[in-house]
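So the chains spell out like this:
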Amino acid sequence: MKGLTVAAAALLLATSVNFAHAQAARDTIKVVGSSTVYPFSTVVAETFGKGGKFKTPTIESTGTGGGMKLFCAGVGVGHPDITNASRRMKKSECEDCMKNGVKEVVEVKVGYDGIVIANSKKTGLFKLAIVDLYRAMAKEVEVDGKMVANPFKTWKEVNPALPAAKIEVLGPPPTSGTRDAFLELVMEVGAKSSPFLKALEKEDGKKWKAYAHTIREDGAYIDAGENDNLIVQKLDANPSALGIFGFSFLDQNADKIQGSEVDGVAPTFDNIASGKYSVSRPLYFYVKKAHASVIPGIPEYLAEFTSEKAWGKDGYLASKGMIPMPDAERKEFAAKAKGLTPVDCGALK
């Protein structure tokens, strides 16, 4: 028993010493995660750094899934302080954090974003239905009552009203929160148009989800990595292709690319804010409470991000394409950020 007490004390002392020297080891906030949230957090970081009191945080675009792995790997100066996410943290990710000693994680929702399906302005505007996107992207589709390998090569084969252009879509990898949201908001909804899959959902939800979430691998869908700016460049160079990414990248490149209508609604700031554009999702970042009192500037960085001048209706993030939350939500999450209120793992899915 005495040995256990001594061991525990030694561990506590080692942890205390580690954090006592954290400031000397690292005096810059380290942020990883979502490529979608990246431009917003970068603007906040630059504004924060110009204040002169603290160094400008370093922001790395690793993708939501990749960021969660880095963030949840442990506590200490060798691990990130904050991770950006274009979807909510999963329960399994929160549990991984806990297993690795990241016991208190603060969740801050920062705003909303639309997922756009865009193409070059050098060609015509696409007017798509969610079912069109599902039928074009699914690895297997229902034909004559049976699930078969996706036979569609052109958009016209998917829907006679669409152009006879080859199906070629540049999109995010499996580690991306944008990919997760696309699967949920587009592929799952589209799968319900299939009588076979609609029946299967009630009988075997796991098997149904496998069908709904599996993107084709025959070249029609191209994994373009976590760099959404690269997708934009490729669309400009290849007018026949479509790309999937966050609204802010469309907003920032409106001179080169255009957003397809989805179910008759264009991906505009107002349509996303009002909820008319259905392919939209919330954006988040997560903070290690254990780092907040050790790494210089974390509370102040959170205060900058959650200030009205940043995320408010007329804030500088809105001018960059982020859709502000309603007043009540901004007030709620500003309070959670200020109070460093930990998220409840049990409340996550």
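A short tour of the structure in this document, coming up. (Residues numbered from 1 in each chain as written. Predicted model: local features only at pLDDT ≥ 70, side-chain atom pairs only at ≥ 80, totals over all residues. Heavy atoms only, no water.)

Opposite charge on two side chains permits them to pair, given that their charged atoms come into close proximity. Applying the stated criterion across every chain, the model contains 15 salt bridges. Glu93 serves as the salt-bridge partner of Arg87, at 2.7 Å between the closest nitrogen and oxygen. The same class applies to Arg87 and to Glu93, which are both buried. For Arg330, the salt bridge goes to Glu308, with nearest N and O atoms at 3.0 Å. Taken together, the residues Arg330 in helix H17 (residues 327-339) and Glu308 in helix H16 (residues 308-311) connect sequence positions 22 residues apart. Judged by relative accessible area, Arg330 falls into the buried class, the value being 5%. Because the salt bridges share partners, they merge into one network encompassing Glu308, Lys313, Asp327 and Arg330. (Salt bridge = Lys/Arg side-chain N within 4 Å of Asp/Glu carboxyl O. Buried < 20%, exposed > 50% of the residue type's maximum accessible area, 1.4 Å probe, protein only. Helix = DSSP H or I, 4+ residues; strand = E, 2+ residues; numbered from the N terminus.)

In this structure the tally under the stated criterion is seven aromatic pairs. Residues Phe48 and Tyr301 carry aromatic rings whose centres are separated by 5.8 Å and whose planes lie at 85 degrees to one another, so their mutual orientation is edge-to-face. Taken as a pair, Phe48 in helix H3 (residues 38-50) and Tyr301 in helix H15 (residues 298-305) lie far apart in primary sequence, 253 residues in all. With centroids separated by 6.3 Å and ring planes inclined at 85 degrees, the aromatic side chains of Phe196 and Tyr211 adopt a geometry described as edge-to-face. Of the two residues, Phe196 sits in helix H9 (residues 195-203) while Tyr211 sits in helix H10 (residues 205-213), which places them 15 residues apart along the sequence. Judged by relative accessible area, which is 18%, Tyr211 ranks as buried. Put simply, the rings of Phe48, Phe54, Phe285, Tyr301 and Phe305 pair up and form one aromatic cluster. Against the face of Phe71 rests Lys288, its NZ or CZ located 4.8 Å from the ring centre. (Phe/Tyr/Trp six-rings, centres within 6.5 Å; stacked < 30°, edge-to-face > 60°. Lys NZ or Arg CZ within 6 Å of the ring centre and 35° of its normal.)

Even without being glycine, Asp144 reaches a positive phi, approximately 55 degrees. Looking at the secondary structure, you find Asp144 in the loop between strand E6 (140-143) and strand E7 (146-149). Its identity as a non-glycine residue notwithstanding, Leu340 has a phi of 50 degrees, on the positive side. You can see Leu340 is positioned in the segment after H17.

What follows is about the nonpolar core. Counting 53 residues, the largest nonpolar core has Met137, Trp155, Ile167 and Phe245 as its most contacted members. In contact with Phe245, not counting residues within four places along its chain, are Gly114, Ile115, Val116, Ala118, Thr178, Asp228, Ile231, Val232, Leu235, Leu250 and Ile257. (Core = buried A, V, L, I, M, F, W, Y, C linked by side-chain atoms within 4.5 Å. Contact = heavy atoms within 4.5 Å.)

The next subject is the state of the cysteines. For the structure shown, the criterion picks out two disulfides. The disulfide that involves Cys72 links it to Cys97, with 2.0 Å between the sulfurs. Here the disulfide of Cys72 and Cys97 is left-handed, its torsion about the S-S bond being about -70 degrees. With Cys72 in the loop between helix H4 (64-71) and strand E3 (82-85) and Cys97 in helix H5 (residues 91-99), the pair connects residues that are 25 residues apart, well separated along the chain. We note that Cys72, like Cys97, is buried. Two residues share a disulfide in this structure: Cys94 and Cys345, whose sulfurs sit 1.9 Å from each other. Taking the sign of the S-S torsion, -85 degrees for the link of Cys94 and Cys345, the bridge is left-handed. On the criterion of sequence distance, the pair formed by Cys94 in helix H5 and Cys345 in the segment after H17 is long-range, its members being 251 residues apart. In this pair, the class of Cys94 matches that of Cys345, namely buried. (Disulfide = S-S within 2.5 Å.)

Two quantities define a packed helix pair, namely the angle between the helix axes and the distance between the axes. It is at 10 Å that the axes of H3 and H15 come closest, and there the two elements cross at 120 degrees. Crossing of H3 against H15: the hand is right-handed. Of the residues in H15, those touching H3 at Ser41, Val44, Ala45, Thr47 and Phe48 are Glu300, Tyr301, Glu304 and Phe305. A breakdown of the residues in the contact of H3 with H15 according to their chemical character gives five nonpolar, two polar and two charged. (Axes fitted to C-alpha atoms, helices over the stretch in contact; angles between N-to-C directions. Left-handed = near helix turned anticlockwise from the far one by under 90°. Nonpolar A, V, L, I, M, F, W, Y, C, P; charged D, E, K, R; others polar.)

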